[in-house]
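Below are the chains, spelled out letter by letter.
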Amino acid sequence: MQWLLSRARLNPKMTWIFLFIILFALSCLYGYWITPSDAHELTLVLDNAGIGIGLVSMAAGWPVALIAWAKRKEARWMFGNVGKELQEVAGSFDASLILASQYSQCEWHLIHIRPERAEYIYSELTRPKTKALKEAFEEEITTRFFSDDEAHQLNGLDVYDIEIIKRECRLRLSDLLDSFPASRVCVDLTSGTSIMTVAAFQVAEEMGVTSLYLLGNTKGTNGNLIIDEKKLNAADEARVILLSDHRKLATPEGSI
């Protein structure tokens, strides 16, 4: 199949001719086979071939078209509310998986979304900030995957290894889904490397949980929108933007 697709792309004319000859020959053989042996006239053979192939093509084509349509519709459903702002932020999720940051995004998330439990994908660089957040919110928010022995930390080039990151995301999300329904779990993709973002989003889709990012409302020195650490207590300092909304589609099992 891969060879055929490659040929079709590189030499479409010859591929068309080749396939036409093969399919025409097979159709004629099929017509010859279904035509009674005492009536093997060319026109009758071709006529029977056309009728038979037409019926088979229609019977096979409609299911293929229906399945293709269903897959497209499913893709639209799976990525619900893309780009829309989450209006009721406080208490919108009970548990969060957050890509850790050195800046203020994670703190705003914890203050305003107010999950009961938060887990982080963090590295050597973001470990100090993550530890400070864990300690600052430990009376309100539970965190299991953080330890002083660095057992749950991404080290060195791990932040660019998609399989390692996906493994760590699955580990944390699976544990969260043991305690919370998938419709009440989110993945915050605001921070982290590009590879971390892709990996976390893929795992969120696999496990049927909502993914989102935070868009600050303060212009930084370079003109980018940021979350000002001096305005962390302001609910309007950031907007929660949905990337894939699974709150209605999600099931407690949460895994495909």
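In what follows, the accompanying structure is described. Computed from a predicted model, the values in this text were never measured in an experiment.

A separate point is the pattern of salt bridges. In this structure the tally under the stated criterion is 10 salt bridges. The partner of R144 in a salt bridge is D175, and the shortest N-O contact between them spans 2.8 Å. Highlighted residues: R144 in the loop between α5 (127-136) and α6 (162-177) and D175 in helix α6, separated in sequence by 31 residues. K166 serves as the salt-bridge partner of E206, at 3.7 Å between the closest nitrogen and oxygen. Of this pair, E206 sits in helix α7 (residues 194-207) while K166 is found in helix α6, placing the two residues 40 residues apart along the sequence. Looking at K166, the relative accessible area reads 9%, which means it is buried.

On to the nonpolar core, then. Within the largest apolar cluster, 24 residues are counted, with the highest numbers of intra-cluster contacts made by L173, V185, V187 and V209. Breaking this core down by element, the ones donating at least two residues are β1 (95-99), α6, β3 (185-188) and α7. Each residue touching L173, except ones within four places of it in the same chain, is listed here: L97, V185, V187, V203, A204, M207 and V209. Of all hydrophobic cores here, the second largest spans 12 residues; its members include V89, I113, I227 and A238.

Moving on to the pairing of β3. Two faces make up the sheet, and in a regular strand the side chains alternate between them. Side chains of β3 alternate between two faces, with V185 and V187 and C186 and D188 buried alike. Examined bridge by bridge, β1 and β3 share four bridges and lie parallel to one another. Note on β3: the bridge partner recorded for L97 is V187. Two elements, β3 and strand β4 (residues 210-216), share three bridges in a ladder whose sense is parallel.

Before going further, it helps to examine the pairing of strand β2 (residues 117-121). The buried count for β2 comes to five of five residues, which makes it a mostly enclosed element. Side chains of β2 alternate between two faces, with R117, E119 and I121 and A118 and Y120 buried alike. Pairing geometry for β1 and β2, over five bridges, is parallel. By the bridge assignment for β2, A95 is matched with R117. Read from β1 through helix α4 (residues 105-112) to β2, the crossover connection turns out right-handed.

Okay, the packing of aromatic side chains next. Applying the stated criterion across every chain, the model contains two aromatic pairs. When the ring of F20 is compared with that of F24, the centres are 5.9 Å apart and the planes differ by 15°; the resulting orientation is stacked. Pair noted here: F20 and F24 are both in helix α2 (residues 12-34), with a separation of four residues, about one helical turn. Residue classification places F20 among the partly exposed residues on the basis of a relative accessible area of 45%. On the basis of relative accessibility, which here comes to 44%, the residue F24 falls in the partly exposed class.

The rules behind the values
Residues numbered from 1 in each chain as written. Predicted model: local features only at pLDDT ≥ 70, side-chain atom pairs only at ≥ 80, totals over all residues. Heavy atoms only, no water. Salt bridge = Lys/Arg side-chain N within 4 Å of Asp/Glu carboxyl O. Helix = DSSP H or I, 4+ residues; strand = E, 2+ residues; numbered from the N terminus. Buried < 20%, exposed > 50% of the residue type's maximum accessible area, 1.4 Å probe, protein only. Core = buried A, V, L, I, M, F, W, Y, C linked by side-chain atoms within 4.5 Å. Contact = heavy atoms within 4.5 Å. Pairing = 2+ DSSP bridges. Right-handed = clockwise from strand over helix to strand, strands pointing away. Phe/Tyr/Trp six-rings, centres within 6.5 Å; stacked < 30°, edge-to-face > 60°.

As far as function goes, none of this settles anything; it's purely spatial.
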